[in-house]
Structures are given as C-alpha cells and as structure tokens.
Amino acid sequence: MSVGELAGLLVAVFWAVLVTLLAVVLVRLSRVLKEATVLVSAVTEQAVPLLSDAGAAVRSANQQLERVDEITANVQDAAANANALSSTVAATLGGPLVKVAAFSYGVRKAVSKQQGGQPSVPSQSGEREELARLIRAEVRAATAPRNGLLSRVRRAVRS
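Residues numbered from 1 in each chain as written. Predicted model: local features only at pLDDT ≥ 70, side-chain atom pairs only at ≥ 80, totals over all residues. Heavy atoms only, no water.

Chemist: Whenever I open this one, the overall build of the protein chain confuses me. Can you help?
Modeler: Broken down by element type, the protein chain carries 3 helices and 0 strands. Along the protein chain, from the amino end to the carboxyl end, the secondary structure elements read α-α-α. Among the 159 residues that make up the protein chain, the fraction classed as buried is 2%. About 13400 Å² of surface is accessible on the protein chain, with carbon and sulfur atoms providing 66% of the total. (Helix = DSSP H or I, 4+ residues; strand = E, 2+ residues; numbered from the N terminus. Buried < 20%, exposed > 50% of the residue type's maximum accessible area, 1.4 Å probe, protein only. Areas by Shrake-Rupley, 256 points an atom, 1.4 Å probe, with all protein chains shown as cover.)

Have a look at this one:
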C-alpha cells in the first residue's frame, strides 16, 4: 500500500465516520421535530377552545359594563332629580315655614300679653272680626304655594 492509498483510505474512513455521525444527528433531529409537531398540535387543540372561552368572557364582561353604564346613568338622573326635589321643597316650604314660625311667635307673644293683664285684643266685635280676617289672610299667604297656578294667576292680574 502506498502513501496515496493510505491517505485515501483515511479520508474514506473519516468520511464514513462523519456521515454516520451526521445520520445519528439527523435521526435525533427528526425525533425532536416529530415531538415538537405533536406538542404544537396538542397546544393548538387546547388553545383554540381557551381562546373561544376568553372571547366569550370578554363579550360577557362588555355586556355587563354596558349594563353598569346604564345603571350609572340612571343613578345620576335619580341623584339630579333628588337634588332638584330637595331644592324645590326647600324653596317652597322654607319661606312659608319661616313666616308661620314668625306668626306663631307673634301669636304666642300676643296671648302672653293678654294673659298678663294687658288687653291687646280689640274689645269691639267689628275690630275683632277685622283682626281675625287679617290673621286668616296672613296664614293663607304663608301656607300658599309660591309657584302654583293660583299664585301665577294672581301675579298676572297684579301686573
């Protein structure tokens, strides 16, 4: 055997070992790729239902948020109505209640003066009737609604 034949034999053995190693690597790589394919298909089978469930959950949450928005708008309207009602009640009853309180204070003072021995009520019947008429008119004016139809008509007649 010559040096050239020996070198050729070494090269052939080297190539045979290299090809064998590459074949082993390729076989292992093919197994890994098969397992990866199985894993990806299993993940896909499980992920698709999960994604559809997540989409359904998002749609349900969106519907609930729309309902909450409607409820919030209704609560805001109710709060505004309650505020307007309390303002109306305060405006309607506030002034008349102050007048009634002042009137009742005046009546109590007059009664206490009368009981104290100082006659403050007129003694003649005509004067008493006039005083009673004035008191009734004051009570009516104090308890009458300010924004009612009758008060509007009175204001229109006066103007």
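Chemist: Got a minute to help me understand a nonpolar patch on the surface in this structure?
Modeler: Taken together, the side chains of Met1, Leu6, Leu9, Leu10, Val13, Val17 and Leu21 present a nonpolar region at the surface, about 730 Å² in accessible area. By the secondary structure assignment, Leu9 is in helix 1 (residues 3-115). (Patch = residues over 30% accessible without salt bridge, like charges linked within 9 Å, V, L, I, M, F, W, Y side chains within 5 Å. Salt bridge = Lys/Arg side-chain N within 4 Å of Asp/Glu carboxyl O.)

Chemist: Please clarify how the confidence of the model for the protein chain should be interpreted in this entry.
Modeler: Caution is warranted with low-pLDDT regions, since their predicted coordinates should not be read in detail. Scored by pLDDT, the protein chain has a mean of 83; 86% of the residues are at 70 or more. By mean pLDDT, helix 3 (residues 149-158) is the weakest element of the protein chain at 68, and helix 1 is the strongest at 88. (pLDDT = per-residue confidence, 0-100.)

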